[in-house]
Structures are given as C-alpha cells and as structure tokens.
Amino acid sequence: NAGVTQTPKFRVLKTGQSMTLLCAQDMNHEYMYWYRQDPGMGLRLIHYSVGEGTTAKGEVPDGYNVSRLKKQNFLLGLESAAPSQTSVYFCASSLGHGNQPQHFGDGTRLSIL
Amino acid sequence: SQKIEQNSEALNIQEGKTATLTCNYTNYSPAYLQWYRQDPGRGPVFLLLIRENEKEKRKERLKVTFDTTLKQSLFHITASQPADSATYLCALEGGGADGLTFGKGTHLIIQP
C-alpha cells in the first residue's frame with residue numbers, strides 16, 4: 001500500500017518547456033488535489049478533482065492544466081514553464097472534501113531556469 | 001478577507017515541556033479543523049481532526065482544542081521530544097468549494 005506517489009521527485013526545466021507531473025493514489029479516494037508550496041506562502045491549491053473525469057480551479061490555477069482520466073491518477077501540466085513556477089508541488093487525496101484527512105505525496109521539486 | 005494565522009517565528013521548547021501552537025482565523029466559520037505535521041523534504045502528514053461541536057480532541061501526547069467563539073485552535077504536545085521537531089500546519093474546512101485551506105505553519109524545535 002504505497003499511498004500517494006508523485007513522479008518525478010526532481011526536475012529542472014528551461015523557460016518555455018512543458019512537462020507533466022504525475023500523481024497516483026491506491027486508496028480509492030474520490031478527491032485529489034494539487035498544491036504548490038513556496039517559502040513564506042504556505043500550501044496553495046492549484047486545481048482539484050472531486051471524482052474521475054472532473055477538475056476544478058483552486059486558488060492559483062493560472063499556467064497549469066490538469067486531467068483526471070482515471071480515478072487513481074491526477075496529472076498536472078505546465079504548458080510553457082515560467083521561472084515563477086519554480087516551487088515544490090504536492091499532490092494529495094482524500095475520502096471527503098474538507099471533512100476527511102488529506103494524504104500527501106512527498107512532492108516534486110521543480111526548478112525553472 | 002479570509003485569513004489563517006500561525007506563528008511565523010520558530011518556537012523553541014525544552015525537551016519534556018509542553019509545546020503549544022496557535023492557529024487563529026478570521027472570516028471563516030469552519031465545520032472542521034485539522035492539524036498536520038511536515039518534516040523537511042516530505043509531504044504533510046495528518047495528525048488530528050476536530051469538529052466545530054467538539055471542544056477538545058486527544059491522541060496519545062497530542063491535544064487539540066477548538067474555540068469557535070475566539071476563532072482559535074490550540075495544538076499541544078505534552079512531554080515533548082526532539083523527534084517532535086517539525087513544522088505544524090493547521091487547515092480549515094472553509095465552507096467553500098476548495099476543501100481545506102492551510103495556514104503557513106509553525107516551525108517547532110524541541111531542544112534536548
């Protein structure tokens with residue numbers, strides 16, 4: 001039982017490049033989330049999903065897209081990376097939306113040069 | 001605007017003492033409040049959830065209180081140990097569509 005797995009763990013991109021961050025959970029959770037964590041800013045919600053085939057915008061969605069084609073996977077895409085997107089990205093999943101614990105992966109550390 | 005405040009400065013506590021962390025909020029009426037622990041280089045790990053109609057919740061050496069009048073939660077670690085050193089995050093169910101909103105966290109250091 002791996003919980004929430006994020007790949008890759010580290011990545012360096014050049015400005016303008018694209019990439020996809022992968023998140024997989026094996027707990028059969030309906031809800032999945034993508035956050036970014038920056039020094040002094042805390043965790044900020046980028047996008048989330050309340051079930052397979054659904055996505056919704058969070059607090060800071062600009063520059064990112066997401067897809068939830070399968071219940072266990074939640075993908076975060078950067079179409080044209082910018083230095084402002086240098087951050088640590090966390091994926092989480094939960095049984096409920098606010099009334100249940102969230103289970104986090106160990107993050108993807110992304111640097112945009 | 002909605003705001004969650006946790007002590008931004010590190011909290012230094014001597015081993016064996018009780019550590020008390022504060023989470024204050026404004027312009028929220030959360031039905032649920034959660035506390036997480038985050039170690040360097042790792043994702044947050046859930047510790048405790050407390051509902052608005054619960055005054056106090058305990059788990060081993062951990063205790064959380066939730067005062068909806070003061071709009072404050074206190075998180076206590078009794079008989080603190082150096083292994084308790086970490087950043088502790090509070091999170092509120094804000095009543096909106098986004099689920100949880102997280103505070104910025106308090107860095108706790110337990111000194112031997």
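Above this text is the structure in question.
Residues numbered from 1 in each chain as written. Chains lettered and ligands numbered in written order. Predicted model: local features only at pLDDT ≥ 70, side-chain atom pairs only at ≥ 80, totals over all residues. Heavy atoms only, no water.

Colleague: Honestly, the interface of chain B and chain A in this entry has me stumped. Any pointers?
Modeller: Contact with chain B, which involves 18 residues of that partner, is made by 23 residues of chain A. For the pair chain B and chain A, the summed buried surface comes to about 1,600 Å²; carbon and sulfur atoms form 52% of the total. Our count for the chain B to chain A interface comes out at one salt bridge. Of the charged contacts, one joins Arg 42 of chain B and Asp 106 of chain A as a salt bridge, the two residues approaching to 2.9 Å between their closest N and O atoms. Taken together, chain B and chain A are joined by nine residue pairs in polar contact (both at pLDDT 80 or more). Residue assignment for the side of chain B that touches chain A shows that the elements contributing at least two residues are β4 (32-38), β5 (45-51), β9 (86-93) and β10 (100-102) of chain B. It is β4 of chain B that contributes the most residues to the side of chain B that touches chain A, four residues altogether. (Contact = heavy atoms within 4.5 Å. Buried area = accessible area lost by both parts, 1.4 Å probe. Salt bridge = Lys/Arg side-chain N within 4 Å of Asp/Glu carboxyl O. Polar contact = N/O pair within 3.5 Å; in protein donor to acceptor, adjacent residues only side chain to side chain. Helix = DSSP H or I, 4+ residues; strand = E, 2+ residues; numbered from the N terminus.)

Colleague: Would you explain the environment of Ala 19 of chain B in this entry?
Modeller: All names here are of chain B. Residue position: Ala 19 is located in strand β3 (residues 19-26). With 57 residues separating them in the primary sequence, Ala 19 and His 76 have C-alpha atoms 5.5 Å apart. Sequence-distant contacts of Ala 19, defined by excluding residues within four places in its chain, comprise Ile 13, Phe 75, His 76, Ile 77 and Leu 108.

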